[in-house]
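Analysis of the macromolecular model
As a plain string of letters, each chain reads:
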Amino acid sequence: MVKDLSIRMKREVREWNLQIITTIVFFLSMASLVIVLGLFINNHVKKFLASEELYFPEPPASSSVCSNRSINLEDFIAPKDMLHWTSDKELFWLASMVPRISEFPYNHTRKVAFMFLCRGRLPLAPLWEMFFKGHEGLYSIYLHTSPEFSEEPPESSVFHKRRIPSKAVQWGKASMIDAERRLLANALLDFSNERFVLLSETCIPLFNFTTIYNYLIQSNLSFVGSFDDPRHIGRGRYNKRMFPTVSLSDWRKGNQWFEIHRKIAIEVVSDVKLYPVFNHHCKAPCYMDEHYLPTLVTKIYPAMNSNRSITWVDWSRGGSHPTKFLRKDVSEEFMNRIRYGFNCTYNGGLSNVCFLFARKFHPNTLEPLLRLAATLFGFDP
């Protein structure tokens, strides 16, 4: 009996040892399997993550996603194609962008943008051609015409392909301001433009290009006619529904034909606060072109404005429109009276050069103006 018990206990010890060994072998096998599997997965994951074919597939040769053609900086800082057909909303948004790095990454030449708001052709263009001749790189030209007008000046003209996408304009309506903002926005796309002057087809220069360029580029202020007119044609046009965005104390009147600094131009095309109020509530006898910009500039940048226009007009005969000058009116004496017959301040000092442009000149004044060009403007006819 003792012998049987001893044999039985030895058998159970052997079975116990076998189970322990089996368990250890099993766990060691599983551990080895996990390690091998881990190494296998890790190796494939590395290959997966490093694969350029998965994350950065090579585009086909015809793909427009990537091109070997380098981007020309000039295409960005000074667009050459005026007829881009961008919507006003897109155009104003794009023009409102301001680089945060003040230093230019290219040879920067400060330019003046000459923006012509006209119906069609420029009857006084030969005079302007003389004005601009020889000063390439110091100016930009933009034409806003009637959308039906499609006549293109010859390639030799400074006005060739300078027409921007235009829309119909009605005198005294919001469409007039829309056209002005459209001109400003297109001019702002050229980062070299620093001064912006609005002109019409009846405008003429009163001095040569160098004089006008230096006057504008060196000016500390912009030139927007803006004043508080207590008469019915001033305060009397204010609509109480504009309050509180525009109060009566904000209300200003001025000349439509302005000249402004780039900083103000950006604010004009970016304005989404005053413009809707004027568009809804400035109706005849309120005219947006006489009140919108003077009021806007007075509210946002009063210290940057001279509160005077540099475009001379004659309102002495009364009426809704200024005097239109004819051939018989043009003389050296008449022109010099406009050029030097007034007093104003310029950069803090007194000056008798207050106007750089004048209007309204009939097409038949071109011949006498060209005869006076050498004497008055300092360039050969």
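Structure's up top.
I will try to describe carefully the structure that is included in this document. Here the structure is a predicted model, which is why all the values come from computation and not from measurement.

With that out of the way, let us pick up the pattern of salt bridges. Following the criterion strictly, the structure yields 16 salt bridges and no others. Between Glu194 and Arg110 there is a salt bridge whose closest N-O contact spans 2.8 Å. Of this pair, Glu194 sits in strand E3 (residues 193–200) while Arg110 sits in the loop between helix H4 (88–95) and strand E1 (111–117); the two residues are 84 residues apart in sequence, bridging distant segments of the chain. A relative accessible area of 16% places Glu194 in the buried class. Between Asp329 and Lys328 there is a salt bridge, with the nearest N and O atoms lying 3.4 Å from each other. It is possible to trace a salt-bridge network through shared partners that takes in Asp88, Lys167 and Arg182.

We now examine the nonpolar core. If you look at the biggest cluster of nonpolar residues, it comprises 51 residues, and the most contacted ones within it are Phe114, Phe116, Trp128, Met335 and Phe361. If sequence neighbours within four positions are ignored, Phe114 has contacts with Phe131, Phe132, Tyr139, Ser140, Ile141, Tyr142, Val197, Leu199, Phe209 and Phe357. Listed in part, the 47 residues of the second largest apolar core include Leu91, Leu198, Val246 and Val277.

It is worth spelling out the packing of aromatic side chains at this point. In this description, a pair of aromatic rings is defined by centroid distance and the angle of the planes. For the structure shown, the criterion picks out 29 aromatic pairs. Seen in terms of ring centroids, Phe132 and Tyr139 are 4.5 Å apart; in terms of plane orientation they differ by 35°. Their pairing is tilted. Here the two residues Phe132 and Tyr139 agree in accessibility, since each one is buried. Judged by centre distance (5.2 Å) and plane angle (40°), the rings of Trp171 and Tyr287 are tilted. Taken together, the positions of Trp171 in the loop between strand E2 (139–144) and helix H6 (174–188) and Tyr287 in the loop between helix H9 (274–281) and helix H10 (288–300) put the pair 116 residues apart, joining distant regions of the chain. Positioned above the aromatic ring of Tyr142 is the side chain of Arg162, whose terminal nitrogen or guanidinium carbon lies 5.2 Å from the ring centre. Of note, Arg181 hangs over the ring of Tyr275, and the distance from its end group to the ring centre comes to 4.6 Å.

The next subject is a nonpolar patch on the surface. Taken together, the side chains of Trp93, Leu94 and Met97 make up a nonpolar region of the molecular surface, amounting to roughly 330 Å² of accessible area. Tracing the sequence through the fold places Met97 in the loop between H4 and E1.

Rules behind the numbers
- Residues numbered from 1 in each chain as written.
- Predicted model: local features only at pLDDT ≥ 70, side-chain atom pairs only at ≥ 80, totals over all residues.
- Heavy atoms only, no water.
- Salt bridge = Lys/Arg side-chain N within 4 Å of Asp/Glu carboxyl O.
- Helix = DSSP H or I, 4+ residues; strand = E, 2+ residues; numbered from the N terminus.
- Buried < 20%, exposed > 50% of the residue type's maximum accessible area, 1.4 Å probe, protein only.
- Core = buried A, V, L, I, M, F, W, Y, C linked by side-chain atoms within 4.5 Å.
- Contact = heavy atoms within 4.5 Å.
- Phe/Tyr/Trp six-rings, centres within 6.5 Å; stacked < 30°, edge-to-face > 60°.
- Lys NZ or Arg CZ within 6 Å of the ring centre and 35° of its normal.
- Patch = residues over 30% accessible without salt bridge, like charges linked within 9 Å, V, L, I, M, F, W, Y side chains within 5 Å.
- Areas by Shrake-Rupley, 256 points an atom, 1.4 Å probe, with all protein chains shown as cover.

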